[in-house]
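Spelled out, the chains give:
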Amino acid sequence: MGKIEWAMWANEQALASGLILLTGGIVGVAGQFRGWQFAAYAIAAGVFVCLLEYPRSKRTKGTSVERTGQYCFTVCVKSFGPLTRNYYVRAFLHAALSVPAGFLLATVLGCVCLGIASIIYLAAAIRGEHWEPILPKKEIARKPGDSMKNPPQNPPPRPPPETRRKRVDDLEGAAYDNPIPVGE
């Protein structure tokens, strides 16, 4: 059994939390809820969390599949160095960002989800995981080996036409011959 990579789960949870927080914030501002300022904060926090969590981390084993358009965000996140690479910092940051969102009904779900993501990031940090960027691989142009030659120019040989054609008489006769005697 392989080791669980908690950071991968925390990343997915935090990205979903950011989207939920953003949606709740939009609902709170559009509905002019009492305390809509918390909803405006939730919009900003949701956008920030989504931008921070969009780039996936490289897995320790196996293949790492990057998200579409991740490279631009990876460069931004990588530029902050240990602040974004350390999962203890992310766990504390997500916990701190989730607190103000708990004061408004429209953003409570995003608050809870972000708190769960914070706990998962803390578990990843305790296990020694850290964020590693997925960088594009440089493809090495390989020339074909000596064993590879040009493809054949002529089609494969075929049997003579007489043996290729089946006689219709033989097919009809074979359909009516029953090798097993039927009891009468």
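This one's a predicted model, so the numbers in the text were calculated from it and none came from an experiment.

S.K.: Report on the nonpolar core, specifying residues and quantitative values.
M.R.: Tyr87 and Tyr121 are the most contacted members of the largest nonpolar core, which totals 13 residues. Contributions of two or more residues to this core are made by helix 1 (6-30), helix 5 (87-101) and helix 6 (108-126). For this core, the element with the most residues is helix 6, which contributes five residues. Discounting chain neighbours no more than four positions away, the residues touching tyrosine 121 are Ala7, Ala10, Asn11, Ala14, Glu53, Tyr87, Arg90, Ala91 and His94. Leu97, Ala101, Cys111 and Leu114 belong to the second-largest nonpolar core, a separate cluster that totals eight residues.

S.K.: Quick one: what's the story with the pattern of salt bridges, residue by residue and with numbers?
M.R.: All chains considered together, the criterion is met by three salt bridges. Residue glutamate 12 is joined to arginine 56 by a salt bridge in which the shortest nitrogen-to-oxygen separation is 3.3 Å. On the criterion of sequence distance, the pair formed by glutamate 12 in helix 1 and arginine 56 in the loop between helix 2 (36-53) and helix 3 (70-79) is long-range, its members being 44 residues apart. Note on arginine 56: relative accessible area 26%, which makes it partly exposed. Residues arginine 90 and glutamate 53 are paired through a salt bridge, measuring 3.3 Å at the closest nitrogen-oxygen approach. Of this pair, arginine 90 sits in helix 5 while glutamate 53 sits in helix 2; the two residues are 37 residues apart in sequence, bridging distant segments of the chain. Across the pair, exposure class does not vary: arginine 90 and glutamate 53 are buried alike. Through salt bridges with shared partners, a single network forms among Glu12, Arg56 and Arg67.

S.K.: Explain unusual backbone geometry to me, using residue names and the numbers behind them.
M.R.: Unusually for a residue other than glycine, glutamine 32 sits at a positive phi of about 50 degrees. Along the polypeptide, glutamine 32 turns up in the loop between helix 1 and helix 2. For glutamine 32, a relative accessible area of 52% corresponds to the exposed category.

S.K.: Tell me about the side chain of arginine 90, and please be specific about residues and values.
M.R.: With a relative accessible area of 1%, arginine 90 lands in the buried category. Dropping the residues within four chain positions of it, arginine 90 is found in contact with Leu52, Glu53, Val77, Thr84, Tyr121 and Trp131.

S.K.: Outline the layout of surface pockets, listing residues and values.
M.R.: There is about 360 Å³ of room inside the largest pocket. Forming the boundary of the largest pocket are 23 residues, of which Glu5, Ser57, Lys58, Arg59 and Thr60 lie nearest the centre. Of all the secondary structure elements, the ones that give two or more residues to the lining of the largest pocket are helix 1 and helix 5. Broken down by element, the residue count for the lining of the largest pocket peaks at four residues, all from helix 1. For the lining of the largest pocket, the residue count by class is seven nonpolar, seven polar and nine charged.

What counts, and at which threshold
- Residues numbered from 1 in each chain as written.
- Predicted model: local features only at pLDDT ≥ 70, side-chain atom pairs only at ≥ 80, totals over all residues.
- Heavy atoms only, no water.
- Core = buried A, V, L, I, M, F, W, Y, C linked by side-chain atoms within 4.5 Å.
- Buried < 20%, exposed > 50% of the residue type's maximum accessible area, 1.4 Å probe, protein only.
- Helix = DSSP H or I, 4+ residues; strand = E, 2+ residues; numbered from the N terminus.
- Contact = heavy atoms within 4.5 Å.
- Salt bridge = Lys/Arg side-chain N within 4 Å of Asp/Glu carboxyl O.
- 1 Å grid on protein atoms, 1.4 Å probe; cavity = no way out; pocket = protein on both sides within 12 Å on 5 of 7 lines; lining within 4 Å.
- Points joined across faces, edges and corners; volume = space filled by probe spheres on them.
- Nonpolar A, V, L, I, M, F, W, Y, C, P; charged D, E, K, R; others polar.

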